[in-house]
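Inside the fold
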Amino acid sequence: MSKSAELKARKSAAVAAGVSARGIYVAKAENSELWDVDGRRYIDFAAGIAVLNTGHRHPLVMEAVAAQAQQFAHTCFHVSPYESYVRLAERLNALAPGDFAKKTLFLNSGAEAIENAIKIARYYTKRSAVIAFSGGFHGRTLMTMALTGKVMPYKRGFGPFPAEIYHAEFPQPYRGVTTEQALADLDRLFHGDVDPKSVAAILIEPVQGEGGFNVAPADFLRALRRLCDEHGIVLIADEVQGGIARTGKMFSIEHSGVVPDLITTAKGLGGGFPLSGVTGRAAIMDAAHSGGLGGTYGGNPISIAAAHAVLDVIESEGLCARAATVGEKMRSRLLALARELPCIGDVRGLGAMVAFELVKDPKTREPDAELTASVLAHAERRGLILLSCGTSANVVRLLAPLTIPDAVLAEGLNILAASLKDAAGVESERAVA
Ligand SMILES: Cc1ncc(COP(=O)(O)O)c(C=O)c1O
């Protein structure tokens, strides 16, 4: 029995079944590659689900973490605060879009950042309703599950959910939902379900992650901004997956020119260490009373040290520009493959957040979840880690570290092409049989 198989059996016996895990048990990782406990090498196009924008174990991140560990590892910011937390808040306040005073709060996970953004928006507006979007994903806590617009695997069996949450259509041109239709749906919501004057926040991923890398059109985001201004609603951009240089700008919403009131960050911010944040208008961020926000570990010193190094690396290695280059290489390869393989129905994304949608028939656009799972399995056998996404589980997303060397990226894309052809071939043979 291989070590991986042995660990898989131990995992089944010891870990809660609801915690899914792939079969690759990691022994070590370096930049865009990892090796499993049986010595197999993999190219990592998952990056710990969009966390390792600066790659596995970036030397400067590791150095910063080691240096911080020599000083202190935990005090709780509420009890014995430290300068690095304040300085990271200053840096994010300066980086976030908007020519106004901003403030920041640090937490541990993406879900916790969303929870806090909603708490803050409710406190500030003295309203309770929140609008989120179909296909959106915001986390696995009770509030963020409720905000999520995808039932499986996130919501089934876990209700009841908190009240006063409404979902509107996310524009999705490939699936026939235009900006106009999505705005009409919001209008329907405002007339049929919830008074806009009761709405505390509109929460949106400028590029949906789990939902399938759907990019919110700039005119849609501009319309949301206008609606929020008109009705006194707080606009929250969930940048947990799309932020921190992934799309070619520090925050994905910057591509649209729209300035949100609050931004949530996590994943890439900590470079592999748990850290999240809410950054936004000082007047809104300051609404809650002292002691109303925070937590034991929020902004722990090790993660904060890692985040400073991450921001330094993004600047010194020009990772926003690199994201655009990596994304372009992925996109052009996928578009070439789409000309050969009719199962690739759509290629989309922003910067190095690139995905393709697999369909049974390019005309009907019927989602092909089976083929998607097969592509992932073929890629894994050939040494490439891929992730799927999309409400119909038929989208493959590419999230390589932005620091991936050109040669490794090319190798990964070659494996992807071969896996797609293998999987599509298997599918067509079976169809013939
Ligand atoms: C857009 C978005 N928001 C929130 C979350 C939740 O983050 P976490 O898993 O750190 O709680 C995720 C996680 O994938 C995400 O992609």
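See above for the structure.
Quick summary incoming for the structure in this document. All of these numbers come straight from a predicted model, not from anything done at the bench.

Regarding the overall build of the protein
From N to C terminus, the protein includes 13 helices and 15 strands. The globule rule puts the C-alpha radius of gyration for 433 residues at 22 Å, and the 21 Å found for the protein is close to it. In terms of its C-alpha atoms, the protein occupies a principal-axis envelope of roughly 65 × 55 × 45 Å. Intrachain contacts of the protein at a sequence separation of at least 6 include 71% that bridge at least 24 residues. Carbon together with sulfur atoms contributes 55% to the accessible area of the protein, which is approximately 18000 Å² in total. Charged side chains in the protein number 45 positive and 46 negative. The centres of these two groups are separated by 2 Å.

Re the site of the ligand
Near the ligand you find Ser109, Gly110, Ala111, Phe137, His138, Gly139, Glu205, Glu210, Asp238, Val240, Gln241 and Lys267, and these make up its full shell. A distance of 2.8 Å separates an oxygen atom of the ligand from a polar backbone atom of Ala111. Contact between the ligand and Gln241: an oxygen atom at 2.8 Å from a side-chain N or O atom of the residue. Relative to its free-state accessible area of 390 Å², the ligand is covered by the protein chains to the extent of 84%. Here the shell around the ligand is built from residues that sort into three nonpolar, five polar and four charged.

Here we look at the pattern of salt bridges
Throughout the structure, instances matching the rule amount to 21 salt bridges. Here Asp406 makes a salt bridge to Arg322, at a shortest N to O gap of 2.9 Å. With Asp406 in helix α13 (residues 406-432) and Arg322 in helix α11 (residues 319-340), this residue pair connects regions lying 84 residues apart in the sequence. Through salt bridges with shared partners, a single network forms among Arg175, Asp346, Arg348 and Glu357.

Concerning the nonpolar core
One finds Phe45, Ile131, Phe356, Leu386, Leu398 and Leu416 to be the most contacted residues of the largest nonpolar core, which totals 111 residues. Apart from residues lying up to four places away in sequence, Leu416 is in contact with Leu334, Phe356, Val375, Leu384, Leu386 and Leu398. If you look at the next biggest cluster of nonpolar residues, it comprises 16 residues, including Leu34, Tyr42, Ile385 and Val395.

A closer look at the packing of aromatic side chains
Using the criterion set out here, one finds eight aromatic pairs in the structure. When the centroid spacing of 5.5 Å and the interplanar angle of 85° are considered together, the rings of Phe77 and Tyr82 count as edge-to-face. Note on Tyr85 and Phe106: the rings are 4.8 Å apart at their centroids and 85° apart in plane angle, and the pair reads as edge-to-face. Remark: Phe106 occurs in strand β4 (residues 102-107) and Tyr85 occurs in helix α4 (residues 83-95); sequence separation between them is 21 residues. One exposure class covers both Tyr85 and Phe106, and it is buried. Here the aromatic cluster, defined as three or more aromatic residues joined through ring pairs, consists of Phe72, Phe77, Tyr82, Tyr85 and Phe106. Looking at Lys28, its charged tip hangs above the ring of Trp35, at a distance of 4.8 Å from the centre. Its end group placed over the ring of Phe100, Arg281 keeps NZ or CZ at 3.8 Å from the ring centre.

Here we look at unusual backbone geometry
Note that the residue after Met152, namely Pro153, is joined by a cis bond; omega there is 5°. Along the polypeptide, Pro153 turns up in the loop between α6 (142-147) and β6 (165-168). Cis geometry is adopted by the peptide bond preceding Pro160, which originates at Gly159 and carries an omega value of 0°. As for its position among the elements, Pro160 is in the loop between α6 and β6. Phi is positive for Cys76, close to 75°, though the residue is something other than glycine. The backbone of Ala393 shows a phi angle near 55°, a positive value even though the residue is not glycine. The topology assignment puts Ala393 in the loop between β14 (387-389) and β15 (395-398).

Concerning the pairing of strand β1 (residues 26-30)
In terms of strand pairing, β1 meets strand β2 (residues 33-36) through four bridges, oriented antiparallel. By the bridge assignment for β2, Val26 is matched with Asp36. In this structure, the hairpin formed by β1 and β2 is closed by a connection of two residues, where Asn31 is found at a positive phi of approximately 50°.

Quick notes on the packing of helix α3 (residues 59-71) against helix α10 (residues 301-316)
Running from N to C, α3 and α10 point in directions that differ by 150°, and their axes come no closer than 8 Å. One way to sum up the angle between α3 and α10 is to call them roughly antiparallel. As for how α3 packs across α10, the hand of that crossing is right-handed. Across the interface between the two elements, Leu60, Val61, Ala64, Val65, Gln68 and Ala69 from α3 touch Pro301, Ile302, Ala305, Ala306, Ala309, Val310 and Val313 from α10. Per-class residue counts for the contact of α3 with α10 are 12 nonpolar, one polar and no charged.

What to know about the sheet that holds strand β7 (residues 199-204)
Reading across from one edge, β4-β10-β9-β8-β7-β5-β6 is the order of the seven strands in this open sheet, with mixed pairing throughout. Only two strands of the sheet have a single partner each, and these edge strands are β4 and β6. Ignoring which end each strand starts from, the neighbouring axes of this sheet average 20° apart. Inspection of the sheet shows strand β8 (residues 234-238) paired to strand β9 (residues 262-265) by three bridges, in the parallel sense. Across the sheet, Ala237 pairs through a bridge with Ile263, a residue of β9. Here α4 sits on the sheet and contacts β4 and β10 (276-281); the angle it forms with β4, its principal contact strand, is near 125°.

Here is what the cut-offs are and how they apply
Residues numbered from 1 in each chain as written. Predicted model: local features only at pLDDT ≥ 70, side-chain atom pairs only at ≥ 80, totals over all residues. Heavy atoms only, no water. Helix = DSSP H or I, 4+ residues; strand = E, 2+ residues; numbered from the N terminus. Rg over C-alpha atoms; globule rule 2.2 N^0.38 Å. Contact = heavy atoms within 4.5 Å. Areas by Shrake-Rupley, 256 points an atom, 1.4 Å probe, with all protein chains shown as cover. Lys, Arg positive; Asp, Glu negative; His and termini not counted. Charge placed at Lys NZ, Arg CZ, Asp CG, Glu CD. Near = heavy atom within 4 Å. Polar contact = N/O pair within 3.5 Å; in protein donor to acceptor, adjacent residues only side chain to side chain. Nonpolar A, V, L, I, M, F, W, Y, C, P; charged D, E, K, R; others polar. Salt bridge = Lys/Arg side-chain N within 4 Å of Asp/Glu carboxyl O. Core = buried A, V, L, I, M, F, W, Y, C linked by side-chain atoms within 4.5 Å. Buried < 20%, exposed > 50% of the residue type's maximum accessible area, 1.4 Å probe, protein only. Phe/Tyr/Trp six-rings, centres within 6.5 Å; stacked < 30°, edge-to-face > 60°. Lys NZ or Arg CZ within 6 Å of the ring centre and 35° of its normal. Pairing = 2+ DSSP bridges. Axes fitted to C-alpha atoms, helices over the stretch in contact; angles between N-to-C directions. Parallel < 35°, antiparallel > 145°, perpendicular 65-115°, else oblique. Left-handed = near helix turned anticlockwise from the far one by under 90°.

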